[in-house]
Structures are given as structure tokens and as C-alpha cells.
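Notes for the structure review
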Amino acid sequence: MIRKLLHRVFSRNPSVPVSSSYFPSAGAHIIPRKQHGITRDHINPCALKVTTGLQDAGYSAFVVGGAARDLLLGLEPKDYDVATNATPEEVRAIFRRSRIIGRRFRLVHVMCGAETVEVSTFRGSTSPDEDDGVTVSTHADEHGRLLRDNVFGSQEEDAKRRDFTVNALFFNPVSEEIWDYLNGYDDIKAKRLRIIGDPLQRYREDPVRMLRAVRLAAKLDMQIDADTAAPIGDLAPLLQNVPPSRLFDEMLKLLLSGHALACVIDLRTRGLHHGLLPMLDVILEQPLGERFITLALKKTDERVRQEKPVSPGFLFAALLWHEVLAAWNIRQTAGEKLLPALHQAMNDVLAAQNKKLAIPRRYDAIMQEIWAMQPRFIGRSGRKPFRLLEHPRFRAAYDFMLLRCESGEVDMELGKWWEAFQRASSGEREAMLLKDETQKKRRRGRGRQKPASGDTADTGGSVANVVK
Ligand code: ATP
Ligand code: MG
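Being a predicted model, the structure only gives us computed values, none of them experimental.

Calculation criteria
Residues numbered from 1 in each chain as written. Chains lettered and ligands numbered in written order. Predicted model: local features only at pLDDT ≥ 70, side-chain atom pairs only at ≥ 80, totals over all residues. Heavy atoms only, no water. Helix = DSSP H or I, 4+ residues; strand = E, 2+ residues; numbered from the N terminus. Buried < 20%, exposed > 50% of the residue type's maximum accessible area, 1.4 Å probe, protein only. Contact = heavy atoms within 4.5 Å. Areas by Shrake-Rupley, 256 points an atom, 1.4 Å probe, with all protein chains shown as cover. Pairing = 2+ DSSP bridges. Axes fitted to C-alpha atoms, helices over the stretch in contact; angles between N-to-C directions. Disulfide = S-S within 2.5 Å. Expected span 1.5 Å × (residues − 1). Polar contact = N/O pair within 3.5 Å; in protein donor to acceptor, adjacent residues only side chain to side chain. Salt bridge = Lys/Arg side-chain N within 4 Å of Asp/Glu carboxyl O. Core = buried A, V, L, I, M, F, W, Y, C linked by side-chain atoms within 4.5 Å. Domains from an automatic or database assignment. Near = heavy atom within 4 Å. Nonpolar A, V, L, I, M, F, W, Y, C, P; charged D, E, K, R; others polar.

1. Some thoughts on the overall build of the chain
In terms of helices and strands, the chain carries 24 helices and 12 strands. Buried residues in the chain amount to 51% of all 468 residues. In the chain, the proportion of contacts linking residues at least 24 apart, taken out of those at least 6 apart, comes to 68%. Carbon together with sulfur atoms contributes 51% to the accessible area of the chain, which is approximately 23000 Å² in total.

The following block contains the structure:
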């Protein structure tokens, strides 16, 4: 408040931006607007309000990270981050609708209408110290993974602690300059994704950067620089030390990036997929499994690019389906009945998943419903199809069944029948019903028999035929 008051009393000439009093350190390369072409009108009003508000109060403030990068690439930024030399408390004091979040890494969320801009104070370097060639750090675990990164620092240090050079550019909306400490601007123009500093050390500090490299290269259509890419295969096992919830967040970003298929292929090529999605490697090696996952990812990518909603639950159901099928098949072969075996298989797969990738429990219900509804698509007589149609999750389960048809797991005829059934009038629907119910009942009356291996009539030909 006092700062604001003083600012008003000793008000500067408004035509002179306050930022002109903030100088970059000698290491910065300043790129003027006429060269880079980004104006303050390109950035979102909330980010503009936050940066000018901070600068009016005498601080430096820049749009940084993904937003500055995306603007330069002609992409629409997903979210805006602002970096400043004001402390979280100082930021909080300037904006009425703001709150400090995070205990270890303290940030401020500033709200304008429905939008939120994340404001972080320049962070200092916490790179492990070099001691006779041996890397030691009190901030890192025994693999070199950083556990603390909350020390305030200069703008240059803030640039250096970021992951890739293209993510370390600062755009000042008031002066419309870009400040570049690490040649990120040239890398953007060359479409080169280059890690900042020593690749080995930076991946050890945070192995998630390897996944980010794959995701950003696909999203930004960039080549991963050779030195940046080289250690990835060898260091892949370090991902096992990353907390599962963080791994899940990063995987979700990757799967919903609109480039999931390209990312998964690249993860596999670089040997990064082990342990991320259990048995992804095994599944991808089975022709049907590979076709199913490829289709699921392709469709997800299409939806994301068309800005249609995507259900992570549906996607995870798809990614784990062939594992469910395998477990289901084993249980049936051991003599368990069709539906109890399916439910047990679903539980087994989810339990294993929750440990490894920490898929949050909130997705379990949708995955279970989609899976459990699959055998019900076979029942096309009596009232069964009508009841299924009314199920609140029908649409998701139907889309899932179509994926199974398209991948070759189930006869396409089933998908066509359901498509026609949905479009049909009520009279037409009655005429479409299959008339095999009485026969089946009679068969059941004669005594239940264990399904022979290969007898998949009730599951749409799925289990035994698919999982060898
Ligand atoms: P996206 O378009 O997916 O949001 P992004 O680069 O903005 O990509 P964020 O997770 O929003 O990704 O991160 C914002 C910025 O924070 C990055 O641009 C980068 O400067 C920095 N950053 C994020 N993750 C890391 C990391 N693991 N190590 C170092 N810096 C990071
Ligand atoms: Mg971002």
C-alpha cells in the first residue's frame, strides 16, 4: 500500500516505462520489437494487467516460459507465467484478487475475472556444487534429483534454472523487448530444443525433463539437439525415483497435448516408456494392442486439436484395456465365470496401476464402467439394448467398443449394428432385435459350461482370440 501511495505521490512520467529503470545483467541479449514482432496486444489482458501493475509499483515483470515461447512460434499460449523481482508478499500486496500458493515453492496466483496468472519471483541457482569433480549437494537426493529450488535470485539465474533455452525467454510487455540470456531466440528460429547447462546433470536434477523434451519437441515441431538427446536412453531408469503423482501429471500433459501418438512413439524409441504405462512395451508389441492404442491416441489427438473435450478416464481405459483382456483371459482359462472374471481382472489392473503411475482414484469409476459395459454390447435381444442405450455412460462405452471394432478385436458388424440401432426409430429398433434369446435360455437351462478356449461368443470375440 505504502509503495503504491509513494508511487502515486511521486508519479513518474507515464510515457516512460518503469521497466526502463531495470537493467539486464551483462549476459542478456535484448531483442527489440521490430525484430521479434510481438506486441503487448498479443498477450492476454490478465498477463498485461499483472506485468504493468508490477512495473507501476516499481518492480520488474516479464511474461516468461511457455507463453513467451509460444507467442514467438505463432501458437496461442495455454497459460501465462509472469516472473518478477518482487517477493510473493510484495506481489500479493499489489493485487487485491491474489493469493500465495505452495509452501516450498511459493508463487502468487493473480485472478482477473475467470483467468489466473501465475507470478513467480526470480529463483536462484541450486545446481549441485562441484567438489573435486564429485557432485555434491545438500539440495539433491543420492541420484542428483533436486529436492529444493526455492532460493530467490537474479533474472539471469532464473533463466539458467529453467529447462530448455526456448523456455527461458523474458518478454516485457511495456517495452516490448525480449531479454534472452541463453540464445533461446536463435534456437526458436532454428526449431532446436536444447537443454540449459550440462544435460546429464540437468536430467539427474529432474528426470521429468526427459519427458518434457519429448512432449515439447512434438508439440513445438522441434528437433531435440543431439547433446540434449544423447543421455536420455541411459538415464531413463531415473524416472523410477520421481514421485508417481508428478509422473502422472506429466503423462497426462503428454497424452492431452494433441500430439500423444507422436510422443508415445518417441518415448518408445528413446526407451522412456518402461514403467510409465505398465506393459506399454508389451502391449505395443502385440499387433492388435498396438493398433488399438494407436487408434485411441490418434482419436484423442484429433479431438484435442479440434478443441473438443477429452476424457482422461476414457483414454486410460483404452491404454489399459489390453492388460484387462490379458488378465480376464487368464482368469477364464482358470475356470472363473465370464463376468466375475472380468470384474476381478479390472480390479487387478487398477490396483497395479495405482501403485505405479498413481492414476488418481477419481478415474477408476469411469474406467470400470466403460470396461464392464463391453460384454453388454453383445446382448442384442429383448430389452437389453434399450437398457444399455439409457446408461449414462453409453456414449463413452460405445465409442470404446467402436475402437475395439476398428482395431480388429471385435467384428465390425457389431459396431455397425449399434450405430444403426441408435439412428433407428422405435419401430425399426424392434425389428432389428436378434431373435436368439429363447435358444440361449434353453441352452443355459441344460447346465452352464465352462467356456472353452476360443469360445468367445459372449464377449464379441475378444478375450481368447486377442491375448495369446
Ligand atoms: P506448456 O505449453 O505445456 O504449458 P511450458 O513450458 O509452459 O509448456 P509449464 O509446465 O507451464 O510448461 O512450465 C512453465 C515454465 O517453467 C517452463 O517454460 C520452464 O521455463 C519452467 N519449467 C517447467 N518445468 C521445468 C523443469 N522440470 N525444470 C526446469 N524448468 C521448468
Ligand atoms: Mg505453461
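2. What to know about the sheet that holds strand E3 (residues 81–84)
Pairing between the strands of a sheet comes from backbone hydrogen bonds, and it takes one of two forms, parallel or antiparallel. Pairing within the open sheet is mixed, and its 8 strands lie in the order E1-E10-E9-E2-E3-E6-E5-E4. Two strands in the sheet have a free side with no partner beyond their single neighbour: strand E1 (29–31) and strand E4 (98–101). On average, each strand axis in the sheet is tilted by 30 degrees relative to the strand beside it, whichever way the strands run. Inspection of the sheet shows strand E5 (residues 107–112) paired to strand E6 (residues 115–121) by 5 bridges, in the antiparallel sense. From the neighbouring strand, Cys-112 faces E6, where its bridge partner is Glu-115.

3. Some words on the state of the cysteines
Per the counting criterion, the structure on display carries 1 disulfide. Cys-46 shares a disulfide with Cys-112; S-S distance 2.0 Å. Its S-S torsion of approximately 70 degrees makes the covalent link between Cys-46 and Cys-112 right-handed. One end of the pair, Cys-46, is in helix H3 (residues 45–56); the other, Cys-112, is in strand E5, and 66 residues separate them in sequence. This pair shows no difference in class: Cys-46 is buried, exactly as Cys-112 is.

4. Some words on the pairing of E4
By the bridge criterion, 4 bridges tie E4 to E5 in an arrangement that is antiparallel. Paired with Ile-101 across the bridge in E5 is Leu-107. The hairpin formed by E4 and E5 contains 5 residues between the paired strands, and Gly-102 there has a positive phi angle of roughly 80 degrees.

5. Re H3
The terminal C-alpha atoms of H3, which comprises 12 residues, lie 16 Å apart, in line with the 16 Å expected from a rise of 1.5 Å per residue. Among all positions in H3, only Cys-46, Ala-47, Val-50, Thr-51, Gly-53, Leu-54 and Gln-55 are buried. On its buried face, H3 sits against strand E2 (61–64), E3, helix H5 (88–94), E5, E6 and strand E9 (169–172). Where H3 ends, the next residue or the one after it, Gly-58, has phi of about 95 degrees, a positive value.

6. Comments concerning the side chain of Thr-121
As for its placement among the helices and strands, Thr-121 is situated in strand E6. Look at Thr-121 and you get buried, because its relative accessible area is 4%. A distance of 2.7 Å separates a polar side-chain atom of Thr-121 from the backbone oxygen of Ala-86. Each residue touching Thr-121, except ones within four places of it in the same chain, is listed here: Thr-84, Asn-85, Ala-86, Thr-87, Pro-88, Phe-152 and Asp-158.

7. Quick notes on the pattern of salt bridges
With the rule as written, the count across this model stands at 27 salt bridges. The residue Asp-399 makes a salt bridge to Arg-395 at a minimum N-O spacing of 3.3 Å. Here Asp-399 and its partner Arg-395 are both found in helix H20 (residues 394–406), 4 residues apart, which amounts to about one turn of the helix. Because the salt bridges share partners, they merge into one network encompassing Arg-33, Arg-40 and Glu-176.

8. Some thoughts on the nonpolar core
Residues Leu-54 and Trp-371 are the most contacted members of the largest nonpolar core, which totals 98 residues. If one sorts the elements of this core by residue count, helix H16 (residues 312–333) sits on top with 12 residues. When residues of this core are assigned to domains, at least three fall in each of domain 1 (2–190) and domain 2 (280–286 + 288–465). Setting aside chain neighbours within four positions, we find Leu-54 in contact with Tyr-59, Ala-61, Val-82, Thr-84, Ala-86, Val-91, Ile-94, Phe-95 and Val-119. One finds Met-373, Phe-386, Tyr-398 and Met-432 within the second-largest nonpolar core, a separate group that totals 19 residues.

9. What about the site of ligand 1?
In the vicinity of ligand 1, 17 residues are found, and the nearest of them are Asp-206, Arg-209, Arg-215, Lys-219 and Lys-253. Measuring from an oxygen atom of ligand 1, one finds a side-chain N or O atom of Arg-69 at 2.9 Å. Residue Arg-209 places a side-chain N or O atom 2.8 Å away from a nitrogen atom belonging to ligand 1. Out of a free accessible area of 590 Å², ligand 1 has 86% covered by protein chains. Counting residues per element, the shell around ligand 1 draws most heavily on helix H9 (residues 208–220), at 4 residues. Residue composition of the shell around ligand 1, grouped by class: no nonpolar, 3 polar and 14 charged.

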